[in-house]
Amino acid sequence: MDATATSAATVPTDAPTAVSPNGASTLIDALRAAVGPDQLQTDPDITAAYSRDMMPLAPSGIPLAVVFPTDTAQVAAVVKACAAAGVPIVPRGAGSGLTGAANAVDGAVTVVMTRMNRILEIDEGNRLAVVQPGVVNLDFRTEVESRGLFYAPDPSSYDWCTIGGNLNTNAGGLCCVKYGVTTDAVLGLEVVLASGEVLRTGRRTVKGVAGYDLTKLIIGSEGTLGIITEATLALRPKPAAPCTMVAAFADTESAGAAVSAAIRAGLVPSLLEIMDATCISSVEAYTGSSILGDGDTPAAILIGQSDAGPGVARREMDELERVCAEAGSTFLYVTDDLAEGRLLLQARRLVLTSLEVLGTWLTDDVSVPRTEMAKLIHACSEIANDVDLTIGVVGHAGDGNMHPTIVYDAADPDQVRRAADAFGRILDAGRALGGTVTGEHGIGRIKQDFLAREAGPVAMDVHRAIKRALDPQDLFNPGSMFAR
């Protein structure tokens, strides 16, 4: 699709107001006063490292400066300085995003939140925690698990992505089928607004419905409405050790039928993942070992887990095994062994790493009704043949969120064009099946046209009205999600 290739290659943003050299110098002085000289970078070699996230086709610019605040007061001071100068701000976490939502804008100030990385409180009695946005997801999970508690959101990049980035994109993960996405684990936020004022949303109580739900408005807004400086997160009791099931299928239709049957049977596994033959072969080549032992590579495998506790977890996985057998599985295995379960999940988490060996990867994010999952995988196969590129499909089968991943040569302009074309065609295929153009990665600077088509003009007018109300100068992340 020509429109897709164009939208991926051009900057669909309003250009920021140009700042004179004297104005830039004055702003740099104000930023230095706000955060200190050690937390400000203007060296182009350094600022370039903070210009983009992991989405290779999303446009990006060169920031005027990069700042690394360590507390809310510093963030507020940075916002006020930029507002006075009319210079946009791009909030950024670790850079693990996959839509360009944290990509720099020419002449803007990039605010990197990774030094605000403290766990401020863990309240075991109320099962909640208060954290700064730069806390790494895995570090937080490890800390609360040491206290017998559990933080559910677990993006595939959980070993380096930050809580703030997860909040800004409303990230998901492998456990969404049972525990939901990031917003389902958030009680409240602290947010610096475009005025420099500090907004507190939500509550610390289990229930609370006072006023508009501003917490959910901010989550997933991709830094376009404010900068999150603190989050109050809901915790759960630490789950029991999981029981794991793996099933192989000779065709994706049978795998899809097994997922639909599992849902109809009332099963709620703690995760249910799918890998197609391309992903299986790539992981096996990367690791040098077979996921399921000797034999031909299956068309798809399902990996399921239950953390429901002793006895119950095994019964759930035995029931999932039965459902897969009735759907025509060619291989089945259930294990209570933690090491075996970790190895199977590690294979799932290594998909992108293994595909990267084949070339540059471009990961899509499309959600479809679970009954349509096999049709989406089939559509991806047809698109791969049509554009003559490798496309591997991996995803969260339990909730229908698929991540078709396109592999191409970034040095070949024609392959770049074909990859962008495939990216858009996959999104169109998902929507045609009753799906949505993102389940957990967001819109960023790569899917704006697709959001507009999915949401419609009335919804986009509402988006813009909210943006104008909270950010009248278009200060925060201009051009991400939609153009003003």
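For the structure itself, consult the block above.
Residues numbered from 1 in each chain as written. Predicted model: local features only at pLDDT ≥ 70, side-chain atom pairs only at ≥ 80, totals over all residues. Heavy atoms only, no water.

Chemist: Hey, could you run me through the overall build of the chain in this one?
Modeler: If you tally the helices and strands in the chain, you get 17 helices and 19 strands. The C-alpha radius of gyration of the chain comes to 23 Å, within 12% of the 23 Å expected for a compact globule of 484 residues. Each of the three principal axes of the chain carries a C-alpha extent, and together these read 70 × 60 × 45 Å. Among the 484 residues that make up the chain, the fraction classed as buried is 55%. Working note: accessible area of the chain is about 19100 Å², and carbon and sulfur atoms make up 52% of it. If you average the places of the 37 positive and of the 58 negative side-chain charges in the chain, the two averages end up 7 Å apart. (Helix = DSSP H or I, 4+ residues; strand = E, 2+ residues; numbered from the N terminus. Rg over C-alpha atoms; globule rule 2.2 N^0.38 Å. Buried < 20%, exposed > 50% of the residue type's maximum accessible area, 1.4 Å probe, protein only. Areas by Shrake-Rupley, 256 points an atom, 1.4 Å probe, with all protein chains shown as cover. Lys, Arg positive; Asp, Glu negative; His and termini not counted. Charge placed at Lys NZ, Arg CZ, Asp CG, Glu CD.)

Chemist: Just to check I follow, could you spell out the pattern of salt bridges for this structure?
Modeler: Where charged atoms of side chains with opposite charge meet at close range, the side chains can pair. Tallying each qualifying case throughout the model produces 23 salt bridges. In this structure, Arg204 and Asp123 form a salt bridge, with 3.6 Å as the shortest nitrogen-oxygen distance. Of this pair, Arg204 sits in the loop between strand S9 (198-202) and helix H8 (214-218) while Asp123 sits in strand S5 (residues 119-123), and the two are 81 residues apart along the sequence. In this structure Asp123 comes out as buried when scored by relative accessible area, which is 17%. It is possible to trace a salt-bridge network through shared partners that takes in Glu121, Asp123 and Arg204. (Salt bridge = Lys/Arg side-chain N within 4 Å of Asp/Glu carboxyl O.)

Chemist: Can you help me understand the packing of helix H15 (residues 413-432) against helix H16 (residues 448-455) in this one?
Modeler: For any two helices packed against each other, one specifies the crossing angle of their axes together with the interaxial distance. H16 packs onto H15 with a crossing angle of 15° between their chain directions and a minimal axis gap of 11 Å. Considering the angle they form, H15 stands roughly parallel to H16. Pair H15 / H16 crosses with right-handed handedness. Where H15 approaches H16, its residues Gly424, Leu427, Asp428 and Arg431 are matched on the opposing element by Phe450, Arg453 and Glu454. (Axes fitted to C-alpha atoms, helices over the stretch in contact; angles between N-to-C directions. Parallel < 35°, antiparallel > 145°, perpendicular 65-115°, else oblique. Left-handed = near helix turned anticlockwise from the far one by under 90°. Contact = heavy atoms within 4.5 Å.)

Chemist: It is not clear to me how the pairing of strand S6 (residues 128-131) should be interpreted in this structure. Could you clarify?
Modeler: Residues in a regular strand point their side chains to alternate faces of the sheet. Going residue by residue along S6, you find Leu128 and Val130 tucked away on one face and Ala129 and Val131 tucked away on the opposite face as well. Of the pairings in the sheet, the one linking S5 to S6 comprises 4 bridges and is antiparallel in character. Each residue of the ladder has a partner; that of Asp123, found in S6, is Leu128. Between the antiparallel neighbours S5 and S6 lie 4 residues, among them Arg127 with a positive phi of about 50°. The pairing of S6 with strand S10 (residues 227-234) spans 4 bridges and is antiparallel. Bridging from a neighbouring strand, Val130 pairs with Thr232 of S10. (Pairing = 2+ DSSP bridges.)

Chemist: Which parts of the structure should I look at to understand helix H5 (residues 137-145)?
Modeler: For an α-helix the count is 3.6 residues per turn, leaving residues at separations of three or four pointing the same way. Looking only at H5, the buried set comprises Asn137, Phe140, Arg141 and Val144. Projection of H5 onto a plane perpendicular to its axis shows the buried side chains occupying an angular sector of 100°, all on one side. (Arc of directions from axis to C-beta.)

Chemist: Would you take a moment to explain the sheet that holds strand S3 (residues 89-92) for this structure?
Modeler: As summarised here, the arrangement of the 4 strands in space is S1-S2-S4-S3, forming an open sheet in which the pairing is mixed. The open sheet has two edge strands with one neighbour each: strand S1 (40-41) and S3. By the bridge criterion, 2 bridges tie S1 to strand S2 (residues 65-67) in an arrangement that is antiparallel. Within S2, the residue paired with Gln41 across the bridge is Val66. Here helix H4 (residues 72-85) sits on the sheet and contacts S2, S3 and strand S4 (109-112); the angle it forms with S3, its principal contact strand, is near 155°.

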